[in-house]
Amino acid sequence: MKEFQLSELMKILDNFYFLIHENYRVKEVTIGLRAYPSVIFKNHQFGIEVHVIGADLGCEYSDYHIFIMKPKWFSNKFIDINECIGDHVIDDEKFLLRHCSEYIQQNQMPVIRGELWPRKG
């Protein structure tokens, strides 16, 4: 189990390493006994966080849920990356982290850099 957890953690760090170049730091790493690992990256300048949250092993949903969060005084703003890329990519769990990482790099870099946040509606 330890080797599995470390392997999955390395997949997260490999796929989201581009965030380090954008002034993000690893805020939190969680490794559970019966779950995929989770990592939270945070840019302290803008307060933006990228959450890569691992599901319980054997869960019928996606192995990982990825979202971008910007905390506000009385609420949080979210961009759900899994929802943005759609179910067709989520069906292939082997490539989920890579697809989410590529989607963020191709479509969400203004958000990652703190330049803009998409409006609802």
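Please refer to the structure placed before this passage.
Anyway, here's the lowdown on the structure attached to this text. (Residues numbered from 1 in each chain as written. Predicted model: local features only at pLDDT ≥ 70, side-chain atom pairs only at ≥ 80, totals over all residues. Heavy atoms only, no water.)

**Focus on the packing of helix α1 (residues 2-15) against helix α5 (residues 96-107)**
It is the contact of α1 with α5, at a shortest axis distance of 9 Å, that shows an interaxial angle of 20 degrees. Comparing the axis directions of α1 and α5 gives the class roughly parallel. For the pair α1 and α5, the crossing hand works out as right-handed. Each of K11, I12 and N15 in α1 lies in contact with α5, whose residues at this interface are L97, R98, S101 and Q105. Its residues assigned to classes, the contact of α1 with α5 shows two nonpolar, three polar and two charged. (Axes fitted to C-alpha atoms, helices over the stretch in contact; angles between N-to-C directions. Helix = DSSP H or I, 4+ residues; strand = E, 2+ residues; numbered from the N terminus. Parallel < 35°, antiparallel > 145°, perpendicular 65-115°, else oblique. Left-handed = near helix turned anticlockwise from the far one by under 90°. Contact = heavy atoms within 4.5 Å. Nonpolar A, V, L, I, M, F, W, Y, C, P; charged D, E, K, R; others polar.)

**With respect to the pairing of strand β4 (residues 64-71)**
Across six bridges, strand β3 (residues 48-54) lies against β4 in antiparallel orientation. Residue pairing across strands places I53 opposite H65, the latter belonging to β4. Note that β4 and strand β5 (residues 76-80) share five bridges and pair antiparallel. Note that in β5 the partner of F67 across the bridge is D80. Once β4 ends, the chain turns through four residues before running back antiparallel as β5. (Pairing = 2+ DSSP bridges.)

**Some details on the sheet that holds strand β1 (residues 25-30)**
Within the open sheet, the five strands sit side by side as β1-β2-β3-β4-β5. Their pairing is antiparallel. Pairing within the sheet leaves two strands with one partner each, and these edge strands are β1 and β5. Between one strand and the next, the sheet's axes are offset by a mean angle of 20 degrees, whatever the strand orientation. Its contacts with the sheet place α1 against β1, β2 (38-43), β3 and β4, and it is angled at close to 25 degrees to β2. Packed on one face of the sheet, α5 meets β3 and β4 and runs near 30 degrees to β4.

**Brief notes about the environment of I112**
One can find I112 in helix α6 (residues 109-112). Relative accessible area serves as the criterion here: at 0%, I112 is assigned to the buried category. Along the chain, I112 and M69 lie 43 residues apart, while their C-alpha atoms are 9.9 Å from each other. Those residues in contact with I112 that sit more than four places away from it in its chain are L19, E22, Y24, I48, V50, I68 and I104. (Buried < 20%, exposed > 50% of the residue type's maximum accessible area, 1.4 Å probe, protein only.)

**Concerning the pattern of salt bridges**
If you walk through the whole model with that rule in mind, you get five salt bridges. Of the charged contacts, one joins K11 and E8 as a salt bridge, the two residues approaching to 2.9 Å between their closest N and O atoms. Of this pair, K11 and E8 both sit in helix α1, three residues apart, roughly one helical turn. Exposure remark for K11: the relative accessible area of 39% places this residue in the partly exposed category. The exposure class assigned to E8 is buried, which follows from its relative accessible area of 7%. Two residues, K27 and E49, come together in a salt bridge whose shortest N-O distance is 2.8 Å. With a gap of 22 residues between them, K27 in strand β1 and E49 in strand β3 connect regions that are remote in the sequence. One network of salt bridges, in which partners are shared, links K27, K42 and E49. (Salt bridge = Lys/Arg side-chain N within 4 Å of Asp/Glu carboxyl O.)

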